Amino acid sequence: MASSHGSSPVPRPGVGGRDGIYHKERDPSSPRCRRPVRSLPDVCPKEPTGEGRGLCDGPSVVAEHDRWTVYSSKVNLPAALNDPRLAKRESDFFTKTWGLDFAETEVMPSFYLPNITREHFGPYLQETAQREKIHERCKTICPNKDDVDAVSSITTNHDKSRAELEQVPKIFLKPDFALEDPATFNAVLPWSHFNSAGGKSSRDVASSKLLQEKLSHYLDVVEVSIARQISLRSEAFFHAMSSQHELQDQLQETQRAVAVLRGRTADMDRIMCQGPLRALRTALARNNCVKLHNKLKLMAAVHQTQPTVQLLLSTSEFVGALELIATTKEVLQQELQGIHSFRHLGSQLCELEKLIDKMMVEDFSMYARSDLSRCLRDEPQVLEKVKPNAVSQKERLESLVFGLLRQRKLDFLDIYSDEMILAAKAIVAQCVAESVLHIEEIDTEVVTKLADQMRLMTFPQWFEVLKNVFESFLLFLQRIKATLSVIGNVVLEVLDSNQKNRLLEEAGSGASGQESSQGSSLLQGEAELAYLTHEGLFISDALNEAQQQQQAAAQDQSSAAGSRVQQGRAEAAGCDSASESFVGRDQNFISGENMMPTELEMNRVINNSQELLYTASDVSHDRCVKVLTARAKDGSLERLNSAEFVCLSQAVEGFVRDTEELCGRRSVSLRGALQSQANRFVHRFHEERKTKLSLLLDNERWKQAEVPAEFQDLVNSIADGRITLPERKTPGPEDRKPTEFLLVNGQKYAVVGTVLLLIRMFLEYCHCVNDIPSIATDMLTRLSDLLKHFNSRSCQLVLGAGALQVVGLKTITTKNLALASRCLQLVVHYIPIIRAHFETKLQPKQFSVLRHFDHITKDYNDHIAEISAKLVAIMDSLFEKVLSKYEVKAPMPSACFRNVCKQMAKMHEAIYELLPEEQTQMLFLRINASFKMHLKRQLARLGVVNDGGPQHGLVVVDVAFYTENVQALRSLERLDLNMAEIWEQKR
């Protein structure tokens, strides 16, 4: 097919060609023959190429065109030859263009043409290889004009189509476009443009025509676009039509095959299935009769359940009755479900089970009440047997716990807890009542309250009551622990039996699963064999065998249920002794493990029993706290002496330690109450000693006191490492006399009487800490406060001259100051010893409170330094007063220097026996420095210089006199006064 205008659609024979293709005769001279040969147009749908002749050459679907002639078929010939009813029309170019005849025709190869291979073109390819490479390179650099034109034409047509579609308003393209909507209708047909007051006018007619033409134009644009899209996808439409024909043929073939299969299946059902199925129905009817007979026997057994349960309850066999009820309910729900005559039996059994629950709870409450209220000293443990032939209390408790666990009544420990609290209250009342009976001073008719009765007792009487309460509560806790031990053993037995049954069930389920899998695989294999051999009787035999196995299993199950009911009745009839009933209860419990609590709930019961023991310990401690606080309400415990309070503390600590060992838990309430009383005791203890110390300081005249022998022994015991009060010795004829000084590690201390008592006081603090370690921190704080009070008060009385008004001293002498300094030094000496002692009584986390001693030591040292400074200041004021009148003139030594030496001798005489030699020397060095400063200042004022003149000589004589007198004092012989510093240095 040629694309020229002169081509004819009909081939004409006679105008030959070598290949059998007919060509139209052409005039070589015609200008049309010189036109370049154009390729055949492709009829496959394509996008517009953008050429000028793209849409104008073919017929238009929308626009009007001229009448079709035979010469117009140059474009529509492929459409004419493309028959959509044929299935295979797209195999190659010729079939798409000229029909299927080209695909059906086979062209024989010509005998006159040689067989051309690639070797024939070898020389030509070698000659053109270089030019081909150049040509390919040029093609990559400069693209083909046709390709560029094709791409531009496609883009132009696509843009043109898009521009035409954009002329259509967007409202027509919306998916929810509906003229029923008034807003849409008004937007499409704006009637307001041509609605006039006087009716229709020429303007309205023109507007309506314009609107109609616009809408028609929109319709044409959309139809053209749709036609273009359809032309692009016509190939897919034709393919879908051919697929429909093929699908119809396949459906007809399938229908015929299904009809044949149905016929064969009907024949198989008539020949092979109806007879065996009739036999199966007969066997099934027989099996149903057997099941009915078994059901009737089971119903007869279930009918006797209620009388049997009543018989078991009459012998208090709760577990057996519950097991029988559970078995009967299980049979009613599984084997006898839907039986009309037993429709009320289930609810009756539930009510009976609730009644048994109440009976067990009441019985357990009565047991707990009677067990906790019996005498503690007779038998603290669980009673074995009350009478020879009766059930022991232990077996009774075990039976009740088994039944309560069986019914999931896991709150029975709460009942025991309530009874325990009531029993604990009764223990205290009983102990107080027994003690009051032996005390004639207390009239129980007048004083009815226990707290008032305890407050009327003396401390030894009350302390005896407290010890009896402690002893009773220890026995009480032992009994509770024994009872909870029995309960724990029962729970552990239940857990053990549950685990064993679970293991047996797992093993049985594994074996039955293997057998069922083997049986099912065997039956499946036999069925497959029967199907392959077409033996219908073999199939029926296999099914009959399977049904017989199922019937046997059902009979076994029903007989087992009946046997369980019968067993329960037999147990009810044969329960003659307690031991037999207990064994039956155990067996019933194990068989009814499905009704038991889970392992998690059992573990929770064990934990609750342990918590109940802890609660019992806490309750015991709380009741003891009540006894303690009732006594302490009027402050009698605060007025105890240290020995009595130590006895009380030791008794409480012993009870707490015993309960901790018994229950495995440390209760803090009693320790807290004791600590509270200890704090009050420490407060009163401290306030008494602080008041006593204040009175001693207010009456102290700050004179050296004699040291009794007992205080010297006290100091010696501290030096030996015994930080405690020694025992008082009875006075004898060989007692030593008091001494002037207190010897501490070979060093003499001149002290006042208050300091001696202060040493005894802080030893009393240490003694209390030894007896009551729990108050170590509080006692340390109070001792720190006592030492601070002594320091501050002594400072006020001596340095602050408060003793002048308080005691009536005329003046604060240097001897008073030196004595106060020495007393402070003695206290500083003992502070590290006290700190070390308290450090042994404190926990490592409490070591931070020891810093109080560091602060106290610093305060004492500062106080000692202030006293030394005060002594220096006294002499400094004297030097300033005397040396201001000094004149360098005869006679020598001058009166001024004589006065200075006299005052220095008095100072030395006052402090020499009080202060150590080193401190005396250091003090006089500071006094000498003050003297040199004032002398140097006076010499500078007088204009005396170190020039060897007469005045210089007189001053040298006075200085020598001063040096000689100072060094003549005891312990100052080797004191270097360095008097050369009084002279100004020459510049």
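Described in the following lines is the structure provided in the data block.

Analysis parameters
Residues numbered from 1 in each chain as written. Predicted model: local features only at pLDDT ≥ 70, side-chain atom pairs only at ≥ 80, totals over all residues. Heavy atoms only, no water. Helix = DSSP H or I, 4+ residues; strand = E, 2+ residues; numbered from the N terminus. Contact = heavy atoms within 4.5 Å. Salt bridge = Lys/Arg side-chain N within 4 Å of Asp/Glu carboxyl O. Buried < 20%, exposed > 50% of the residue type's maximum accessible area, 1.4 Å probe, protein only. Patch = residues over 30% accessible without salt bridge, like charges linked within 9 Å, V, L, I, M, F, W, Y side chains within 5 Å. Areas by Shrake-Rupley, 256 points an atom, 1.4 Å probe, with all protein chains shown as cover. Core = buried A, V, L, I, M, F, W, Y, C linked by side-chain atoms within 4.5 Å. Phe/Tyr/Trp six-rings, centres within 6.5 Å; stacked < 30°, edge-to-face > 60°. Lys NZ or Arg CZ within 6 Å of the ring centre and 35° of its normal. Polar contact = N/O pair within 3.5 Å; in protein donor to acceptor, adjacent residues only side chain to side chain. Axes fitted to C-alpha atoms, helices over the stretch in contact; angles between N-to-C directions. Parallel < 35°, antiparallel > 145°, perpendicular 65-115°, else oblique. Left-handed = near helix turned anticlockwise from the far one by under 90°. Nonpolar A, V, L, I, M, F, W, Y, C, P; charged D, E, K, R; others polar.

**Description of the side chain of threonine 963**
For threonine 963, the location among the structural elements is in helix H29 (residues 950-967). Those residues in contact with threonine 963, other than ones at most four positions away along the chain, are Leu977 and Met979.

**Describing the pattern of salt bridges**
Counted under the stated rule, the structure contains 16 salt bridges. The salt bridge involving glutamate 764 is made with arginine 689; its shortest N-O contact spans 2.6 Å. Here glutamate 764, found in helix H22 (residues 753-771), pairs with arginine 689, found in helix H20 (residues 669-698); they are 75 residues apart in sequence, far enough to count as distant. In this pair, the class of glutamate 764 matches that of arginine 689, namely buried. One salt-bridge network, held together by shared partners, links Arg684, Glu688, Arg689 and Glu764.

**Regarding a nonpolar patch on the surface**
On the surface, a nonpolar cluster with roughly 410 Å² of combined accessible area is contributed by Ile116, Phe121, Tyr124 and Leu125. Looking at the secondary structure, you find phenylalanine 121 in the loop between helix H3 (101-104) and helix H4 (122-141).

**A few points about the environment of histidine 438**
As for its position among the elements, histidine 438 is in the loop between helix H13 (412-436) and helix H14 (450-456). Along the sequence, histidine 438 and glutamine 461 sit 23 residues apart, while their C-alpha atoms lie 10.0 Å from each other.

**With respect to the environment of glycine 808**
By the element assignment, glycine 808 lies in the loop between helix H24 (803-806) and helix H25 (814-841). With relative accessibility at 45%, the residue glycine 808 sits in the partly exposed group. For the pair formed by glycine 808 and asparagine 699, sequence separation is 109 residues and the distance between their alpha carbons is 9.6 Å. When near neighbours in sequence (up to four residues on either side) are disregarded, glycine 808 contacts Arg701 and Ala803.

**So, the nonpolar core**
Note that soluble globular proteins tend to have their nonpolar side chains buried in a common cluster. One finds Trp462, Phe476, Ile759, Phe838, Leu935 and Tyr962 to be the most contacted residues of the largest nonpolar core, which totals 198 residues. Take this core: its biggest share by element is 20 residues, from helix H15 (residues 459-533). Not counting the four nearest positions on each side in its chain, phenylalanine 838 is found in contact with Cys766, Val769, Ala776, Met779, Leu780, Leu783, Leu850 and Phe853.

**Quick look at the packing of aromatic side chains**
Following the criterion strictly, the structure yields 17 aromatic pairs and no others. Between phenylalanine 838 and phenylalanine 853 the ring centres are 6.2 Å apart and the planes differ by 45°, which places this aromatic pair in the tilted class. Residue phenylalanine 838 is located in helix H25, and its partner phenylalanine 853 is located in helix H26 (residues 851-883); the two are separated by 15 residues in the primary sequence. Both residues of the pair, phenylalanine 838 and phenylalanine 853, count as buried. Aromatic rings pair up to connect Phe879, Tyr886, Phe897, Phe931 and Tyr962 into one cluster. Positioned above the aromatic ring of phenylalanine 685, the side-chain terminus of arginine 689 is 3.5 Å from the ring centre. In this structure, arginine 898 is placed above the aromatic ring of phenylalanine 961, and the distance from its NZ or CZ to the ring centre is 5.7 Å.

**Examining the side chain of glutamine 825**
By secondary structure assignment, the location of glutamine 825 is in helix H25. The class of glutamine 825 is buried, set by a relative accessible area of 11%. A polar contact is formed between the side chain of glutamine 825 and the side chain of glutamine 919, at a distance of 2.7 Å. In this structure, glutamine 825 is in contact with Tyr749, Ile864, Pro916 and Gln919, ignoring residues within four places of it in sequence.

**So, the packing of helix H11 (residues 345-373) against H13**
Where H11 contacts H13, the axes come no closer than 9 Å and their chain directions differ by 30°. Comparing the axis directions of H11 and H13 gives the class roughly parallel. Crossing angle aside, the handedness with which H11 passes H13 is right-handed. For the pair formed by H11 and H13, the contact residues are Val361, Phe364, Ser365, Ala368, Arg369, Asp371 and Leu372 on the first element and Phe412, Ile415, Tyr416, Glu419, Met420 and Ala423 on the second. Of the residues contributing to the contact of H11 with H13, the split by class is nine nonpolar, one polar and three charged.

**Focus on the packing of H25 against H26**
Between H25 and H26, the least distance of the axes is 10 Å, while the angle of their chain directions is 165°. Taken together, the axes of H25 and H26 are roughly antiparallel relative to one another. Like other packed secondary-structure pairs, H25 and H26 cross with a definite hand, here left-handed. Counting all contacts with H25, which are made through Thr814, Leu817, Ala820, Ser821, Leu824, Gln825, Val827, Val828, Ile831, Ile834, Arg835 and Phe838, the residues of H26 involved are Phe853, Asp854, Ile856, Thr857, Tyr860, Asn861, His863, Ile864, Ile867, Lys870, Leu871 and Ile874. Within the contact of H25 with H26, the residues separate by chemical class into 15 nonpolar, six polar and three charged.

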